[in-house]
Amino acid sequence: QVQLVESGGGLVQAGESLRLSCAVSGSISSIDAMEWYRQAPGKQREWVAMITRGGGTGYANSVKGRFTISRNNAKNMVYLQMNSLKPDDTAIYSCSAVGSTLRKWGQGTQVTVSA
């Protein structure tokens, strides 16, 4: 089993930055990639970013150039650095672990960006 715990959310003003963290524990060897998703009120969940086992990364167009996903293997942590935040970035952000037989979600952390 894999357990995921997010932290780092909060209330910021437009243009400011936040770094989200995702602590990963359990059967880490079963994970092929880590992803960040977000869900705004009344909207469907949206994929934000991913980092693969090999270190490859990908981003949604809406965050490309502003958000950076990274990891610290020694600490079993995955991060989402969010810069130049906009009110449209307001959402609950969740990390997710993906493997051939795995899809696990964290509980999410709220990010609110005021205009």
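Structure: above.
Keep in mind that what you see is a predicted model, and the values were worked out from it rather than measured.

Undergrad: Explanation requested: the layout of surface pockets in the structure shown.
TA: Unoccupied space between atoms shows up once a probe the size of one water molecule is rolled over them. Each pocket or cavity is described by its volume, and for the largest pocket that value is around 260 Å³. Contributing to the lining of the largest pocket are 15 residues, with Ile28, Ile31, Met34, Arg71 and Asn73 lying nearest its centre. At the level of secondary structure, the elements contributing two or more residues to the lining of the largest pocket comprise β4 (33–39), β5 (46–52), β7 (67–72) and β8 (77–82). In the lining of the largest pocket, the residues fall into eight nonpolar, four polar and three charged.

Undergrad: Would you take a moment to explain the state of the cysteines for this structure?
TA: Working definition: the covalent bond between the sulfur atoms of two cysteines is a disulfide. With the rule as written, the count across this model stands at one disulfide. Between the sulfur of Cys22 and that of Cys95 lies a disulfide, 2.1 Å long from S to S. Between Cys22 and Cys95, the disulfide has an S-S torsion of 60 degrees and is therefore right-handed. Note that Cys22 is positioned in strand β3 (residues 18–26) and Cys95 in strand β9 (residues 91–99), a separation of 73 residues in sequence. The exposure classification of Cys22 matches that of Cys95, with both residues buried.

Undergrad: I would appreciate a short explanation of the packing of aromatic side chains in the present structure.
TA: Given two aromatic rings, one states the distance between the centres and the angle between the planes to describe the pair. Scanning the model with the defined rule gives one aromatic pair in all. The aromatic ring of Tyr79 is capped on one face by Arg19, whose charged end is 4.1 Å from the ring centroid. Arg45 extends its terminal NZ or CZ atom over the ring of Trp105, reaching a point 3.9 Å from the ring centre.

Undergrad: What should I look at first to understand the sheet that holds β7 in this one?
TA: Within a sheet, each strand pairs with its neighbour through backbone hydrogen bonds, oriented either parallel or antiparallel. Within the open sheet, the four strands sit side by side as β1-β3-β8-β7. Their pairing is antiparallel. At either margin of the open sheet sits one strand with a lone partner, and together these are β1 (2–7) and β7. Averaged over neighbouring strand pairs, the angle between their axes works out to 20 degrees when direction is ignored. Judged from the six bridges that link them, β7 and β8 form a sheet pairing that is antiparallel. What sits directly across from Arg71, in β8, is Val78.

Reading the values: rules and limits
Residues numbered from 1 in each chain as written. Predicted model: local features only at pLDDT ≥ 70, side-chain atom pairs only at ≥ 80, totals over all residues. Heavy atoms only, no water. 1 Å grid on protein atoms, 1.4 Å probe; cavity = no way out; pocket = protein on both sides within 12 Å on 5 of 7 lines; lining within 4 Å. Points joined across faces, edges and corners; volume = space filled by probe spheres on them. Helix = DSSP H or I, 4+ residues; strand = E, 2+ residues; numbered from the N terminus. Nonpolar A, V, L, I, M, F, W, Y, C, P; charged D, E, K, R; others polar. Disulfide = S-S within 2.5 Å. Buried < 20%, exposed > 50% of the residue type's maximum accessible area, 1.4 Å probe, protein only. Phe/Tyr/Trp six-rings, centres within 6.5 Å; stacked < 30°, edge-to-face > 60°. Lys NZ or Arg CZ within 6 Å of the ring centre and 35° of its normal. Pairing = 2+ DSSP bridges. Axes fitted to C-alpha atoms, helices over the stretch in contact; angles between N-to-C directions.

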